[in-house]
Amino acid sequence: DFVPSAGYGAYEDAEKYVTYNKASNDGDLHAAVVKGSSHEVLTKWAVDADMETLKKYQVPRPNESLPGKVLTVKSAEALFTAEGVCHEFERETFYCHKPHAIISVFEVIVSPDERTSKLWVACHGNDDCHVMNAGDFVFSAGNNFKVFGEKLLRGSL
């Protein structure tokens, strides 16, 4: 009965956001809509964005369908900081971007009952955090841990 999330939005919205980012000094660096989910397609975007030496991590799937459920946070810990992210907003279509601000990635263990699931939370800078969808990709050196602190993490969830 697993129901994956529908994604972040429509293709047209992503195209508009990419156009805005390219025209704005405040926009993300190297924003693009990337079609296809193969290793080569996403790696090409990372190379174009000067992130070819980084490792690619895929956001894990939860153990069960979680939408609409009240979740209890069991634990949270900082995983790493990231340089870029690819959000799958439609099947095999990603919005990839390299923000100006550091992305801190946290693993949050949640449970609607006794069974736990892992969610990844991405924080862009100090105040913009969101749960990432299963299947999204994160580009990181993998060893550059940065903990914002328990207080900020609790306040962001």
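Keep in mind that this is a model prediction, so the values were computed, not measured. (Residues numbered from 1 in each chain as written. Predicted model: local features only at pLDDT ≥ 70, side-chain atom pairs only at ≥ 80, totals over all residues. Heavy atoms only, no water.)

S.K.: Help me understand the nonpolar core, please; the structure alone is not making it clear to me.
M.R.: Taken as a class, soluble globular proteins show a tendency for nonpolar side chains to be buried jointly. Membership of the largest hydrophobic core is limited to 12 residues, which are Ala32, Val34, Leu42, Trp45, Ala46, Ala49, Met51, Cys86, Phe94, Cys96, Phe137 and Phe139. Elements with a contribution of two residues or more to this core: β1 (29–35), α2 (39–48), β5 (93–98) and β9 (137–140). At three residues, the largest contribution of residues to this core is made by α2. When near neighbours in sequence (up to four residues on either side) are disregarded, cysteine 96 contacts His30, Ala31, Ala32, Val34, Leu42, Trp45, Val85 and Cys86. With 11 residues, the next largest nonpolar core counts Val59, Val85, Met132 and Val138 among its residues. (Core = buried A, V, L, I, M, F, W, Y, C linked by side-chain atoms within 4.5 Å. Buried < 20%, exposed > 50% of the residue type's maximum accessible area, 1.4 Å probe, protein only. Helix = DSSP H or I, 4+ residues; strand = E, 2+ residues; numbered from the N terminus. Contact = heavy atoms within 4.5 Å.)

S.K.: I tried to follow the packing of aromatic side chains on my own but got confused; where do I start?
M.R.: The geometry of an aromatic ring pair is captured by two quantities: the separation of the ring centres and the angle between the planes. As enumerated under the stated definition, the model contains four aromatic pairs in all. Taking 5.6 Å as the distance between ring centres and 55° as the angle between the ring planes, the aromatic pair formed by tryptophan 45 and phenylalanine 139 counts as tilted. Residue tryptophan 45 is located in helix α2, and its partner phenylalanine 139 is located in strand β9; the two are separated by 94 residues in the primary sequence. As far as burial versus exposure is concerned, tryptophan 45 and phenylalanine 139 are alike and both buried. (Phe/Tyr/Trp six-rings, centres within 6.5 Å; stacked < 30°, edge-to-face > 60°.)

S.K.: Please explain the pairing of β5 as it appears in this structure.
M.R.: Looking down a regular strand, the side chains alternate between one sheet face and the other. In terms of burial, β5 is a largely internal element, six of the six residues being buried. Side chains Thr93, Tyr95 and His97 project from β5 onto one buried face, and the interleaved Phe94, Cys96 and Lys98 project onto a second face that is buried too. Summarising the sheet, strand β4 (residues 84–90) and β5 pair through five bridges and their orientation is antiparallel. Note on β5: the bridge partner recorded for cysteine 86 is cysteine 96. Connecting the antiparallel pair β4 and β5 is a turn made up of two residues, with glutamate 92 showing a positive phi of about 55°. (Pairing = 2+ DSSP bridges.)

S.K.: Honestly, the environment of serine 111 in this entry has me stumped. Any pointers?
M.R.: Along the chain, serine 111 turns up in strand β6 (residues 103–111). For the pair serine 111 and asparagine 63, spaced 48 residues apart in sequence, the C-alpha to C-alpha distance is 9.7 Å. Among residues more than four places away in sequence, those in contact with serine 111 are Val70, Leu71, Thr72, Lys74 and Thr116. At 2.2 Å, the side chain of serine 111 and the backbone oxygen of aspartate 113 are in polar contact. A distance of 3.0 Å separates the side chain of serine 111 from the backbone oxygen of arginine 115, its partner in a polar contact. (Polar contact = N/O pair within 3.5 Å; in protein donor to acceptor, adjacent residues only side chain to side chain.)

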